[in-house]
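Each chain, letter by letter, is given below.
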Amino acid sequence: MNIKLAVLSFFTVVIASGNTAPKKVETVLEVTSFNLKTTASELEFNTLDAQIEETFTSKQPGYIRRQSGVDEQGRYVVVVYWKTLADAKASMDKFMADASVATYANMIEGSTMKMSRFTITDKFTASKSTFTEVMTFKTKEGTNAAAFDKVNKKVGTGFSDKQKGFLQRITGANEAGEQVVVAYWDTKENSDAVINDFMNNPIAKDFMGMMDQSTIDMMRYQALTSLKNVELSNKDKVVALLNSFNTGDQTPLSYINPNKYIQHNLGVADGLKGFGEVMQHAPEGGFKANVVRAFQDGDYVFTHTEYDFFGPKAGFDVFRFEDGLIVEHWDNLLEVQKPNPSGRTQFDGATALTHLDKTEANKKIAQDFIEKVLLNHEMDKVASYINPETYVQHNPAVADGLAGFGDAMKYFAENGLVMEYTKLHKVLGQGNFVLTMSEGKFGKGEHTAYYDLFRIENGLIVEHWDVIAPIPPKSEWKNDNGKF
């Protein structure tokens, strides 16, 4: 071969190779979302999450990177990049069986967990991101895949790439037909600033128009590593105080104001001294407490607890805080009963906290139910407040559904018994759970305290727990603060 031909051949190869796009490497993006149990501490969980990444996930074969975050509704999101699907599956299998992560895993509300994996070809570059948007969805039936991909890419080049603080957009899909878009931002403020512009942009409208709207799941979360000044919440302090019955830990006693502790349990003397006297009379082995549900409403924390307190008891406790310390306490206790006619106990049932944005609306629903149906006896309005098809009842003597409620009322009437509400004292709530504290008469007319916990979905009560306990005569009170 002569020199000119050799040179020509060399340049032809170089040009040809330069015009051939390098093959993109496929990796796997794993997206897991969940809520914490209401009894879990966010501060503790966030600390454990960092440890899990350092000591477990990052040590697994095929690991690339991991990020955890939480949104304004308390929903957690964990995004992990893996080299292969097999690597992702193997890690999850090991995670579920590894004792070293048991405490972390036990803090997660299992019924809220959702996980999807997607094949992607984008390489992560947004290392300075503190705020992330993750959207998963399916396209409408019959959508042309090539047309969708074109519009999907155009969202990035025609809108996202031009925004202040935008760092990277990653897309992918899986075999189930689910799509994912992950948008990384430097700050939440920059992401918030363009939401309205995005929704009104013609490119975005085309993009959203190709989606099956019923399948869209949008998560906007702050990276845990960027959160500042995360502290022990008032709810965490109450749960720790009740758990100290089991552990003997004295630290949670410091969460009670030593100079102001107003006691409404009429069998306990006022102040921290009264609390100490009860603890001194604990049986051998002490008291036990299993906090099943815990919620916070402003300065109030309310809990639903299974006690061993001079015998097995079901209890609701309410604590009021001032300046981070407990200054007031109410409760209502009842001996643990056998399962009700529907086989339900005083403790089982739903525990997942949802719809934090509907707290006030749900409190109003519970308040109206107590006032209109139970106080004013407007029984024709029952179905306006209770879901007639899905109402789950945990009262020890009442069966599920409106029929169970009606049968109980009929039994009381036929046997000369009463279940009378005379005054609603407090309504506390968080998300889909609302606690009401009421006064009235029960049975043969005994002065009674009613504590009712409602779970509300779509504007209707779907589940109910209660503790109905007599109020002792004033001559037996060990404090003068009253039951309410």
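Residues numbered from 1 in each chain as written. Predicted model: local features only at pLDDT ≥ 70, side-chain atom pairs only at ≥ 80, totals over all residues. Heavy atoms only, no water.

### What about the overall build of the protein chain?
Put simply, the rule reads: The secondary structure listing takes helices from DSSP runs of H or I that are at least 4 residues long and strands from runs of E that are at least 2 residues long, numbered from the N terminus. When checking whether two residues touch, look at their non-hydrogen atoms; a contact exists if any pair is within 4.5 Å. Accessible areas in this description were obtained via Shrake-Rupley with a 1.4 Å probe; residue shielding takes into account the shown protein chains only. The positive count covers Lys and Arg only, the negative count covers Asp and Glu only, and His and the chain ends enter neither. All charge positions are set by atom: Lys at NZ, Arg at CZ, Asp at CG, Glu at CD.
Scanning the protein chain for helices and strands turns up 13 helices and 18 strands. Each principal axis of the C-alpha distribution contributes one length, and for the protein chain these read about 120 × 50 × 40 Å. Excluding contacts between residues fewer than 6 apart, the proportion of contacts in the protein chain whose partners are at least 24 apart in sequence is 66%. Counting every atom, the protein chain has about 24500 Å² of accessible surface; 53% of that belongs to carbon and sulfur. The distance from the centre of the 51 positive side-chain charges to the centre of the 63 negative ones in the protein chain is 7 Å.

### What to know about the sheet that holds strand E12 (residues 312-322)
Worth spelling out the cut-off: Strand pairing is defined by DSSP finding a minimum of two bridges between the two strands.
Taken in spatial order, the five strands make up an open sheet running E9-E13-E12-E11-E10, and their pairing is mixed. Every other strand in the sheet has two partners, leaving strand E9 (262-263) and strand E10 (288-297) as the edge strands with one partner each. By the bridge criterion, nine bridges tie strand E11 (residues 300-308) to E12 in an arrangement that is antiparallel. When the bridges of E12 are listed, Thr 305 appears paired with Gly 315.

### Observations concerning the pattern of salt bridges
To keep things clear, this is the line we draw: Salt bridges are identified by distance alone: a Lys or Arg side-chain nitrogen within 4 Å of an Asp or Glu carboxyl oxygen. Only protein chains enter the accessibility calculation, which uses a 1.4 Å probe; a residue is then buried when its area is under 20% of its type maximum, exposed when over 50%, and partly exposed in between.
As enumerated under the stated definition, the model contains 21 salt bridges in all. Put simply, Asp 49 and Arg 66 hold a salt bridge, and the shortest N to O gap is 2.8 Å. Here Arg 66 lies in strand E2 (residues 63-70) and Asp 49 lies in helix H2 (residues 42-55), a separation of 17 residues in the sequence. Under the relative-accessibility criterion, Arg 66 is labelled buried at 7%. Here Glu 322 and Arg 320 are joined by a salt bridge, their closest N and O atoms 2.8 Å apart. Through salt bridges with shared partners, a single network forms among Glu 72, Glu 133, Lys 188, Asp 192 and Arg 220.

### As for the environment of Glu 72
Here Glu 72 lies in the loop between E2 and strand E3 (75-82). On the basis of relative accessibility, which here comes to 64%, the residue Glu 72 falls in the exposed class. C-alpha of Glu 72 to C-alpha of Asp 357: the two residues are 285 residues apart in sequence and 9.4 Å apart in space. Not counting residues within four places of it along the chain, the set of residues in contact with Glu 72 comprises Lys 188 and Leu 356.

### Here we look at the side chain of Lys 313
Selection criterion: Between N or O atoms, a polar contact is any pair within 3.5 Å; within protein, one atom must be a potential hydrogen donor and the other a potential acceptor, and residues adjacent in sequence are included only when both atoms are from side chains.
Considering the arrangement of structural elements, one finds Lys 313 in strand E12. It is Glu 335 that comes nearest to the buried, bridge-free Lys 313 among opposite-charge side chains, at 4.5 Å. Separated by 2.9 Å, the side chain of Lys 313 and the backbone oxygen of Phe 309 make a polar contact. Sequence-distant contacts of Lys 313, defined by excluding residues within four places in its chain, comprise Thr 305, Glu 306, Tyr 307, Leu 333, Leu 334, Glu 335, Val 336 and Phe 347.

### Side note on the sheet that holds strand E18 (residues 460-470)
Note the threshold: To obtain an axis, a line is fitted to C-alpha atoms, over the contacting stretch when the element is a helix, and the angle between two such axes runs from 0 to 180 degrees between their N-to-C directions.
Strand order in the open sheet made by the five strands is E14-E18-E17-E16-E15, with mixed pairing throughout. Only two strands of the sheet have a single partner each, and these edge strands are strand E14 (392-393) and strand E15 (418-430). Lying over the sheet, helix H11 (residues 359-375) contacts E15, strand E16 (433-443), strand E17 (446-457) and E18, oriented at roughly 175° with respect to E15.

### Concerning the packing of aromatic side chains
Counted only if it meets this: What counts as a ring pair is set by centres within 6.5 Å for rings of Phe, Tyr and Trp (its six-membered ring), and what kind of pair is set by the plane angle: stacked under 30 degrees, edge-to-face over 60, tilted for all other angles. Whether a charge lies above a ring is judged from NZ of Lys or CZ of Arg, which has to be within 6 Å of the ring centre and within 35 degrees of the ring normal.
Using the criterion set out here, one finds 30 aromatic pairs in the structure. With a centroid separation of 6.3 Å and 80° between ring planes, the pair formed by Phe 442 and Tyr 450 is classed as edge-to-face. Given the relative accessible area of 26%, Phe 442 is considered partly exposed. Among the aromatic side chains, those forming a connected cluster through ring pairs are Phe 34, Phe 45, Phe 56, Tyr 76, Phe 95 and Tyr 104. Sitting over the face of the ring of Phe 124, Arg 65 holds its NZ or CZ atom 3.6 Å from the ring centroid.

### What to know about the packing of helix H5 (residues 145-158) against helix H8 (residues 202-209)
Under the convention used in this document: For any helix crossing, the convention is left-handed if the near helix is rotated counterclockwise from the far helix by under a right angle, and right-handed if that rotation is clockwise. Here the term charged refers only to Asp, Glu, Lys and Arg, the term nonpolar to Ala, Val, Leu, Ile, Met, Phe, Trp, Tyr, Cys and Pro, and the term polar to all other amino acids, Gly among them.
Where H5 contacts H8, the axes come no closer than 9 Å and their chain directions differ by 145°. Considering how the two elements wind past one another, H5 and H8 form a crossing that is left-handed. Contact residues: H5 offers Phe 148, Val 151, Asn 152, Lys 154, Val 155 and Gly 158, while H8 offers Ile 203, Asp 206 and Phe 207. The class makeup of the residues in the contact of H5 with H8 is five nonpolar, two polar and two charged.

### As for the nonpolar core
Proteins that are soluble and globular tend to have nonpolar side chains buried together. As a reminder, the rule being used: Nonpolar cores are built from buried Ala, Val, Leu, Ile, Met, Phe, Trp, Tyr and Cys residues. Side-chain atoms within 4.5 Å join them into one set.
Residues Phe 302, Phe 316, Val 318, Leu 435, Met 437, Tyr 451 and Leu 453 are the most contacted members of the largest nonpolar core, which totals 22 residues. Every element with two or more residues in this core is listed here: E10, E12, strand E13 (325-335), E16, E17 and E18. The contact partners of Phe 302, leaving out residues within four places of it in the chain, are Arg 293, Ala 294, Phe 295, Asp 297, Asp 317, Val 318, Leu 428, Gly 429, Gln 430, Phe 433, Leu 435 and Leu 453. Ranked by size, the runner-up nonpolar core spans 21 residues in total, among them Val 28, Val 78, Val 101 and Tyr 104.

### Focus: the environment of Val 77
On the secondary structure map, Val 77 appears in strand E3. Sequence separation of Val 77 and Gly 440 is 363 residues, and the distance between their C-alpha atoms is 45 Å. Apart from residues lying up to four places away in sequence, Val 77 is in contact with Val 31, Thr 32, Ser 33, Gln 67, Ser 68, Gly 69, Met 219 and Tyr 221.

### Overview of the environment of Thr 132
Take Thr 132: it is sitting in strand E5 (residues 131-138). A C-alpha to C-alpha distance of 35 Å links Thr 132 and Ile 365, two positions 233 residues apart in sequence. Excluding anything up to four places from it in sequence, Thr 132 contacts Gln 67, Val 182, Ala 183, Tyr 184, Met 219, Arg 220 and Tyr 221. Only 3.1 Å separates the side chain of Thr 132 from the side chain of Gln 67, close enough to count as a polar contact.

### Let's talk about the pairing of E16
Counting buried positions along E16 gives nine out of eleven residues, so the element sits mostly inside the fold. Examined bridge by bridge, E15 and E16 share eleven bridges and lie antiparallel to one another. Paired with Val 427 across the strands is Thr 436, a residue of E16. Linking two consecutive strands that pair antiparallel, namely E15 and E16, is a turn of two residues; a positive phi of about 60° is found at Gly 431 within it. Here E16 pairs with E17 via ten bridges, running antiparallel. From the neighbouring strand, Leu 435 faces E17, where its bridge partner is Leu 453. Where E16 hands over to E17, the hairpin turn is made up of two residues, of which Gly 445 adopts a positive phi near 110°.

Scope: geometric values only; no functional claims are made or implied.
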